[in-house]
Protein chains: 4
Amino acid sequence: MINGIKPLERSLRWGMVGGGGTSQIGYIHRSAALRDGTFSLLAGAFDIDAQRGRLFGQSLGIAAERCYPDYATLFREEAARVDGIEAVSIATPNNTHFAICQAALAAGLHVVCEKPLCFTVEEAQALVELSQKQHKIIGVTYGYAGHQLILQARQMIADGLLGEIRIINMQFAHGFHAAAVELDNPSTRWRVDPRFVGPSYVLGDLATHPLFLAETMVPQLKVKRLMCSRQSFVKTRAPLEDNAYVLMEYDNGAVGSLWCSAVNSGSMHGQKVRVVGEKASLEWWDEQPNQLRFEVQGEPVRILERGMPYLDPIALADDRIGGGHSEGLFEAWSNLYRRFALAMDATDRRDRNFLADFWYPDVAAGTMGVRWVENCVRSADAGASWVEFR
Amino acid sequence: MINGIKPLERSLRWGMVGGGGTSQIGYIHRSAALRDGTFSLLAGAFDIDAQRGRLFGQSLGIAAERCYPDYATLFREEAARVDGIEAVSIATPNNTHFAICQAALAAGLHVVCEKPLCFTVEEAQALVELSQKQHKIIGVTYGYAGHQLILQARQMIADGLLGEIRIINMQFAHGFHAAAVELDNPSTRWRVDPRFVGPSYVLGDLATHPLFLAETMVPQLKVKRLMCSRQSFVKTRAPLEDNAYVLMEYDNGAVGSLWCSAVNSGSMHGQKVRVVGEKASLEWWDEQPNQLRFEVQGEPVRILERGMPYLDPIALADDRIGGGHSEGLFEAWSNLYRRFALAMDATDRRDRNFLADFWYPDVAAGTMGVRWVENCVRSADAGASWVEFR
Amino acid sequence: MINGIKPLERSLRWGMVGGGGTSQIGYIHRSAALRDGTFSLLAGAFDIDAQRGRLFGQSLGIAAERCYPDYATLFREEAARVDGIEAVSIATPNNTHFAICQAALAAGLHVVCEKPLCFTVEEAQALVELSQKQHKIIGVTYGYAGHQLILQARQMIADGLLGEIRIINMQFAHGFHAAAVELDNPSTRWRVDPRFVGPSYVLGDLATHPLFLAETMVPQLKVKRLMCSRQSFVKTRAPLEDNAYVLMEYDNGAVGSLWCSAVNSGSMHGQKVRVVGEKASLEWWDEQPNQLRFEVQGEPVRILERGMPYLDPIALADDRIGGGHSEGLFEAWSNLYRRFALAMDATDRRDRNFLADFWYPDVAAGTMGVRWVENCVRSADAGASWVEFR
Amino acid sequence: MINGIKPLERSLRWGMVGGGGTSQIGYIHRSAALRDGTFSLLAGAFDIDAQRGRLFGQSLGIAAERCYPDYATLFREEAARVDGIEAVSIATPNNTHFAICQAALAAGLHVVCEKPLCFTVEEAQALVELSQKQHKIIGVTYGYAGHQLILQARQMIADGLLGEIRIINMQFAHGFHAAAVELDNPSTRWRVDPRFVGPSYVLGDLATHPLFLAETMVPQLKVKRLMCSRQSFVKTRAPLEDNAYVLMEYDNGAVGSLWCSAVNSGSMHGQKVRVVGEKASLEWWDEQPNQLRFEVQGEPVRILERGMPYLDPIALADDRIGGGHSEGLFEAWSNLYRRFALAMDATDRRDRNFLADFWYPDVAAGTMGVRWVENCVRSADAGASWVEFR
């Protein structure tokens, strides 16, 4: 149970690149990082408009001289300070993630980065190597992965309660972009522009979320081959897709399916993961995140509730309030940032034992997302044909 | 509103092949056909064991001499009677449907047949032609298609409330055969034996149900190509699949997906259809059949209830009780049989005007199911590759 | 499992009083009684307009001479026939139930009667006595009481799975009469006219339903005292209430609450029963009748599904189709009529052993409903004060 | 939309009494107050054990000298500092609230207090007067009242979308204390001890929550009289109740019912409010707080989602993330603390215009809760008889 005591003795010194102004994603990063004194926000380059970014940083209480015009300056100047930041979060458009991650690692910073980390597996590999060389972590913000019931599912599957896994169905399918809203809405426009988001829209923006939830639940399964069919229902979005289906074959003979969409009219987020084993299934839905369906064949469906003593200790450890109350997206993110902090600290201490057993969405997770999108696009561009996963 | 008055002035004289003893499907045929005096059960060949079949028929109140040892005798003897049956329902194992249908049509009977009508498109075509030649209908028992909210959905889509259709997701995925229950259970065994069920298990047994629901809702769309990936998670079932995914492309650019499974552990039937248009979506689930979700993008989700005055007259016509009460599978089947009776009568009267606008699951619907399974198997057997729909 | 074989060797010869024309309740009586050949409809006095009643009866296939102008003639003429009816169902306005029940019993008929049986406990007692004297039953159509999951709940409670019962919450609260719809709708008008419905509207019309469900689930509890507060939100309905709350104290120290309403705007029927024991609770809702929530304190909620092998044999006995499919109001009624038939037959045979253990909504159940309404009205009229239950 | 900018130019200087150690309620106060820099935690008397309280305060980063042994010292010493706290939150056992509130107001502090403010209306009145005299506010932490959909409901009702209000049903009924868990669990024990909680258990601890939600939604209604029936199902809790029903009559003729329970076996919190008007109803449930059911009679039920543009601006103002994501209890509390801060600031500035239109759970709300419990106990102790609300 978390009760507001800092997870480490100190708050980690932290900065941000991007995420200024009315950015929702910037706020959720801050809200999560600052929760319980995990991090202290001391510096930032919040905006491509330097002046606007400075004012914004100051409105957050940051010293004027630590509100920088750009990330290069941020990293350079902070590195020169004895009290400079130790970690940075990157909440900029996708096309800039790779360069900023590289620069941050090079400057000796731990990194928290929005997905996708980058656009190609080669780039991701470069980040893995640089991260290892620098002894710094990259945490990737697959937000709902921090929800306690995801770890509950992971543990139940590891404990064999489902038997051998056969089927994983994933979904993230909202309807907010059923029409060409980007024509009037700049905050949507960049998401459908390949210059900013690389080779995909919903595959990279949405699908990697439930994909990572499923990987977290069933880490032992590896994709062997996949096929992806993608569509641009709003024509002006082509070649970027606003809807896609992916089928996967795993190394144990299991199969997976994933539907991601931004044109699922009338739906809210619709992020769901269903894992089917030979004995039982688990299903989780982000719109009612405090419930986990556990369906044993031949028995009544059970609805597990966050915060209840019958859950696994790993699922109870991150609770902030007892069962029956609703924890939401912000707590899931806070749990992630808490884990990032612990991983940063253990990495700084070269505590390999700790890290060996400690789960968080790391650079490998980020790489897997990039790799998966790359394979999907390869399949889709080959006429939705099956491709070996590589 | 249906209130027990016979839909026609007379009850149609009716017989059955199969469906004896403890057969659930036999009972639901009878329950539906006899409801409201639509049909009168006068003859049958209920069981492969002639004596058992005769006793069963008599227990239903049928005259002993009209409980026949086999369908050939049934058709021959009844044809010779001035009060012989006019229609017959076929509830035998799948491998016998084709021959019995042919014989029934040849004997001048209207037919109600379980799906699949047969195993090949060639056979289906033969039935279409024979049906036309004989001026007799074949009704196919896609049971839930008779539920009023399916017609409500059909009408809303026809009225343009969803805009252009983009996506159709279909599902029928239960968990009752997650283990190899057929080893101990004869009533399951034939379902996984190609000699009895032809080239597929769940594709033919389950998938054609939501497929037909979707066709009913969106009749204007035609499948152009599809791909099917199928698995036999219980190994002894191979080559028959107990799980499959199908992706489809329609002629208007829409896409479809279908998941069918008998190994979806812990799930009940899980039959769902979601139709997504550019403006709104509709979703129906057979486990809560009295509700239809109508989701207009940018508006609160609406839950439409069977029996309510705001529904279309076509969805209200078949109600037996007001909204708020639960109608279930039996009413859906009764609605189908009522439609079969009306179609039989209109066909007998050569009333083409009536038939032009009158919906029921007809021989074309049955043919489509056979065709679709054939295409799926062809795709699956070609390594889950895309095939033109033919 | 029910498969269409008649429950008795013969179909009981049956007639109806009322329920003609477009009456929904008439249809559901017929639909239930005729299901599976339980009864045969041979005679009736369907309408206060004799000519209309005769035409209606004939449209149902009844011989013209057995379509009678009124119930007195019906009972007299049928009694004179060697093949006269054995049982009659009464589906007339409430104010006529008592007299028709008396006449039917006096004529040597078994009776199925809509609730309320009558308006006063004295009348009910008279019916009890006449019923005993004539060795004829009165079955009361608390329709949903026939649903299998109600008997499942009864058995689980009897088996002690809930521990001592502490709380029973009941509800039947729809919104169909939120406005004064009776001004334009004759089929509603009589329901709010004391001449036709006696001393109450929603207490008698709605509340007795969940009350009887609860009595069926927890037969051992007896009401000791109660209080009732009632309102007429549509003023013209006064003194009849369109909304009421009732609190009850049972003899074991348990408490109960009941909310009934016809002005619960936007709600469908909202009939719910929740039984809370010291260890667990059960909850059933008529709008999703195939699910029963079983909530053990400290464990995940379980959702029991009709038709599943883990249920009690008593709950499986009346299934017509396997789990996962929806059975609705019509099957619940059919189960009741099946039980009425068995009780009639056993009563005719003077089979006390059979009857001792056999549950159905009998004249005592009907009396309890009348008694309960009388007590509620007494409390309400005394300023919503507590009254001893008598 | 809230994006992390402080609601005021400064963070309010803030302290706590109680809420130390593993107190969940202490954590949620801090989590809410510190969110977005609304308050700064600078001092406290966290524990009845002074040493333990000091260590805890220091673990939160508070200067050792500002971790005080008791509230009297806290208030005195902080008042003497130029940078002393401006506001204090009280999270101690109920029996101490009144004295600490008084002392805090007397020391010139704004107060945030757990409910109940005190045990008698006389005490509450004294706090109202002292608060006015000192020009300081008392905010009361009815946590879910801060959820945006509560304000959405309030606005819809004010806009007349429900018509005249007729019925309010309230519920807070969990099962966590179905057994005598207090025997082994000190954190429950004080809740059932009149020395610590005054004259009631669930009425004060649970019922005042949905009562206040309802008051927030329908502020125009005033209770005229009520009756309360209460039970102690765990006998050792008597005279404190662990279950109670309350019926209310409002001044406009509307009626209300409330069920509160700690012995509702198997239920989570079950906090629900349903407001029924002559045209439509609204229903909100704390376990799925992001959805609000809007049920217009004669139309399909609509499910409103937090964060969607179709909501009222007042419901959108406090969003921290867009619709489809889950905000939970912590955001509701943060919204309350944000409002407390704005009210404190406006009160300090004597900005009556601002305060005239500004909603938050204030000392009047706290007083109403105390008054309501007092009336309930009076009714219950008089044999569950109706009492005039005074």
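Going by what an unreviewed UniProt entry lists, chain A is known as Gfo/Idh/MocA family oxidoreductase and is assigned to Serratia quinivorans.

**Student:** Looking at this structure, I do not really get the sheet that holds strand β2 (residues 39-45) of chain B. What am I missing?
**Tutor:** One key point about sheets: their strands pair by backbone hydrogen bonds, in either a parallel or an antiparallel sense. Residue and element names in this part refer to chain B. With parallel pairing, five strands are arranged side by side in an open sheet as β2-β1-β3-β4-β5. Strand pairing shows two members of the sheet lacking a second neighbour, β2 and β5 (138-140), which therefore form its edges. Ignoring strand direction, the axes of neighbouring strands in this sheet form an average angle of 25°.

**Student:** Could you clarify how one ought to interpret the relation of the copies chain D and chain A in this entry?
**Tutor:** Superposing chain D onto chain A takes a rotation of 180° plus a shift of 0.0 Å along the axis, which leaves an RMSD of 0.0 Å. Viewed as a symmetry operation, the transformation between the two copies matches a two-fold axis. Among all residues of chain D, the one whose C-alpha sits closest to the rotation axis is Gly328(D), at a distance of 2.6 Å.

**Student:** Where do I start with the interface of chain B and chain C in this structure?
**Tutor:** Put simply, an interface is often sized by how much accessible area is lost when its parts join up. Listed by partner, the interface residues are 33 residues for chain B and 33 residues for chain C. Per-element accounting of the side of chain B that touches chain C gives the leading share, five residues, to helix α1 (residues 24-34) of chain B. Looking at side-chain class alone, the side of chain B that touches chain C contains ten nonpolar, 17 polar and six charged residues.

**Student:** Looking at this model, I keep getting lost on the relation of the copies chain B and chain C. Mind explaining?
**Tutor:** Relating the two copies of this chain is a rotation about some axis coupled with a shift parallel to it. For the match of chain B to chain C, the screw axis carries a shift of 0.0 Å, the RMSD comes to 0.0 Å, and the turn is 180°. When the interface residues of chain B are mapped onto chain C, 100% of them are again interface residues, pointing to one common binding face.

**Student:** Explanation requested: unusual backbone geometry in the structure shown.
**Tutor:** Leaving glycine out, the prevailing phi sign among residues is negative, and the prevailing peptide bond configuration is trans. Note that the residue after Lys115(A), namely Pro116(A), is joined by a cis bond; omega there is -5°. As for its position among the elements, Pro116(A) is in the loop between β4 (110-113) and α5 (121-134). A cis geometry characterises the amide bond from Ala238(D) onward to Pro239(D), with omega recorded as 10°. Residues other than glycine seldom take positive phi values, yet His135(B) does so here, at roughly 55°. By the C-beta count within 10 Å, which is 12 here, His135(B) ends up exposed. Unusually for a residue other than glycine, Ala384(C) sits at a positive phi of about 60°. Looking at the secondary structure, you find Ala384(C) in the loop between α13 (363-381) and β14 (387-388).

**Student:** Before we go on, may I ask you to explain the nonpolar core in this structure?
**Tutor:** Among soluble globular proteins, nonpolar side chains are generally buried collectively. Of all hydrophobic cores here, the largest spans 531 residues; its most connected members are Val275(A), Val275(B), Val275(C) and Val275(D). Contacts of Val275(D), omitting those with residues within four sequence positions, involve Ala153(D), Ile157(D), Leu162(D), Ile165(D), Ile168(D), Ala214(D), Met217(D), Val218(D), Ser281(D) and Leu282(D).

**Student:** Even after reading the chapter, I still don't get the confidence of the model for chain A, so can you show me in this structure?
**Tutor:** Segments scoring low in pLDDT should not have their predicted coordinates read at a detailed level. On average, residues of chain A carry a pLDDT of 96, and 100% of them reach 70 or more. With a pTM of 0.98, the predicted complex shows an ipTM of 0.96.

**Student:** Looking at this model, I keep getting lost on the environment of Phe196(B). Mind explaining?
**Tutor:** All names here are of chain B. Here Phe196 lies in helix α8 (residues 194-197). Take Phe196: there are 14 C-beta atoms within 10 Å of it, and that puts it in the partly exposed class. Taking the C-alpha atoms as reference, Phe196 lies 4.8 Å from Asn95; in sequence the two are 101 residues apart. In contact with Phe196, not counting residues within four places along its chain, are Pro93, Asn94, Asn95 and Trp190.

**Student:** It is not clear to me how the packing of helix α1 (residues 24-34) of chain D against helix α11 (residues 329-348) of chain D should be interpreted in this structure. Could you clarify?
**Tutor:** Relative orientation and spacing of two packed helices are given, respectively, by the angle between their axes and the distance between those axes. All names here are of chain D. For the pair α1 and α11, interaxial distance at closest approach is 8 Å and the crossing angle is 60°. The orientation of α1 relative to α11 falls into the category oblique. Between α1 and α11 the crossing geometry is right-handed. Residues Ile28, Ser31, Ala32 and Ala33 of α1 lie in contact with α11, whose contacting residues are Phe330, Trp333, Ser334, Leu336 and Tyr337. Partitioning the contact of α1 with α11 into residue classes produces seven nonpolar, two polar and no charged.

**Student:** Sorry if this is basic, but what is going on with α1(B) here?
**Tutor:** Since there are 3.6 residues in each turn of an α-helix, residues three or four apart along the chain are aligned in direction. All names here are of chain B. Of all the eleven residues making up α1, nine are buried; the element is thus mostly covered by neighbouring parts of the structure. All of the buried residues in α1 are Gly26, Tyr27, Ile28, His29, Arg30, Ser31, Ala32, Ala33 and Leu34. Where α1 is buried, its residues touch β1 (12-18), β2, β3 (87-91) and α11 (329-348). Residue Asp36 follows α1 closely and has a positive phi angle near 60°.

**Student:** Sorry, what's going on with the UniProt feature "domain: Gfo/Idh/MocA-like oxidoreductase C-terminal" (unreviewed entry) in chain A here?
**Tutor:** As annotated in UniProt, the feature "domain: Gfo/Idh/MocA-like oxidoreductase C-terminal" (unreviewed entry) corresponds to residues 154-388 of chain A in the numbering used here. Within residues 154-388 of chain A, the helical portion is 33% and the strand portion 25%, while the C-alpha atoms at the span's ends are 26 Å from each other.

**Student:** Even after reading the chapter, I still don't get the interface of chain D and chain A, so can you show me in this structure?
**Tutor:** Between chain D and chain A, the contact holds 33 residues from the first and 33 residues from the second. Elements with a minimum of two residues in the side of chain D that touches chain A: α1 and α11 of chain D. It is α1(D) that provides the largest number of residues to the side of chain D that touches chain A, a total of five residues. Counted by class, the side of chain D that touches chain A contains ten nonpolar, 17 polar and six charged residues.

**Student:** What is the right way to read the pairing of strand β13 (residues 301-305) of chain A from this model?
**Tutor:** Within a regular strand, the side chains alternate between the two sheet faces. Relative to β13(A), strand β12 (residues 291-296) of chain A is paired through four bridges, and the arrangement is antiparallel. If you follow Gln291(A) over to β13(A), its bridge partner there is Glu305(A). From the end of β12(A) to the start of β13(A), which pair antiparallel, there are four residues, and Gly298(A) there has a positive phi angle of about 85°. The pairing of β13(A) with strand β13 (residues 301-305) of chain C spans three bridges and is antiparallel. Across the sheet, the residue bridging to Arg302(A) is Arg302(C), located in β13(C).

**Student:** I would appreciate a short explanation of the pairing of strand β12 (residues 291-296) of chain B in the present structure.
**Tutor:** As judged from the five bridges shared by strand β11 (residues 280-285) of chain B and β12(B), these two strands associate in the antiparallel manner. In the strand pairing of β12(B), Trp284(B) is matched with Leu292(B).

**Student:** Is there a simple way to explain helix α13 (residues 363-381) of chain A in this structure?
**Tutor:** Residues and elements named next belong to chain A. Along its 19 residues, α13 runs 27 Å from first to last C-alpha, staying within 8% of the 27 Å computed at 1.5 Å per residue. In terms of residue burial, α13 counts as a mostly covered element, since 15 of its 19 residues are buried. Positioned one or two residues after α13, Gly383 has a phi angle of 80°, which is positive.

**Student:** Looking at this structure, I do not really get the UniProt feature "domain: Gfo/Idh/MocA-like oxidoreductase N-terminal" (unreviewed entry) in chain A. What am I missing?
**Tutor:** In this numbering, the UniProt entry assigns the feature "domain: Gfo/Idh/MocA-like oxidoreductase N-terminal" (unreviewed entry) to residues 12-142 of chain A. When the span residues 12-142 of chain A is considered, its composition is 41% helix and 20% strand, and the gap between its end C-alpha atoms is 21 Å.

**Student:** Help me understand the environment of Leu203(B), please; the structure alone is not making it clear to me.
**Tutor:** All names here are of chain B. Among the structural elements, Leu203 can be located in helix α9 (residues 202-217). Given 28 C-beta atoms within a 10 Å radius, Leu203 is considered buried. With 21 residues separating them along the chain, Leu203 and Glu182 place their C-alpha atoms 18 Å apart. When near neighbours in sequence (up to four residues on either side) are disregarded, Leu203 contacts Arg230, Glu241, Ala244, Cys260, Val373 and Cys376.

**Student:** What am I meant to see in the domain arrangement of chain A here?
**Tutor:** Residues and elements named next belong to chain A. Each assigned domain of chain A is listed here: domain 1 (12-143) and domain 2 (145-321 + 361-388). One C-alpha centre belongs to domain 1, the other to domain 2; they are set 26 Å apart. Counting residues at the interface gives 21 residues for domain 1, matched by 23 residues for domain 2. Listing elements by their share of the side of domain 1 that touches domain 2, those giving two or more residues are α5 and β5 (138-140). Sorting elements by how many residues they give to the side of domain 1 that touches domain 2 places α5 first, with five residues.

**Student:** Sorry, what's going on with the sheet that holds strand β2 (residues 39-45) of chain C here?
**Tutor:** Residue and element names in this part refer to chain C. In spatial order, the strands read β2-β1-β3-β4-β5; together these five strands make up an open sheet with parallel pairing. Looking along the sheet, the strands with just one partner apiece sit at the ends: β2 and β5 (138-140). Looking at each pair of strands side by side, their axes are set apart by 25° on average, direction ignored. Relative to strand β4 (residues 110-113), strand β3 (residues 87-91) runs parallel, the two being bridged by four bridges.

Calculation notes
- Residues numbered from 1 in each chain as written.
- Chains lettered and ligands numbered in written order.
- Predicted model: local features only at pLDDT ≥ 70, side-chain atom pairs only at ≥ 80, totals over all residues.
- Pairing = 2+ DSSP bridges.
- Helix = DSSP H or I, 4+ residues; strand = E, 2+ residues; numbered from the N terminus.
- Axes fitted to C-alpha atoms, helices over the stretch in contact; angles between N-to-C directions.
- Least-squares fit on C-alpha atoms with pLDDT ≥ 70 in both.
- Contact = placed C-beta atoms within 7 Å.
- Nonpolar A, V, L, I, M, F, W, Y, C, P; charged D, E, K, R; others polar.
- Buried ≥ 20, exposed ≤ 12 C-beta atoms within 10 Å, placed from the backbone.
- Core = buried A, V, L, I, M, F, W, Y, C linked by C-beta atoms within 7 Å.
- pLDDT = per-residue confidence, 0-100.
- Parallel < 35°, antiparallel > 145°, perpendicular 65-115°, else oblique.
- Left-handed = near helix turned anticlockwise from the far one by under 90°.
- UniProt positions renumbered as here; feature names shortened; annotations may be inferred.
- Expected span 1.5 Å × (residues − 1).
- Domains from an automatic or database assignment.

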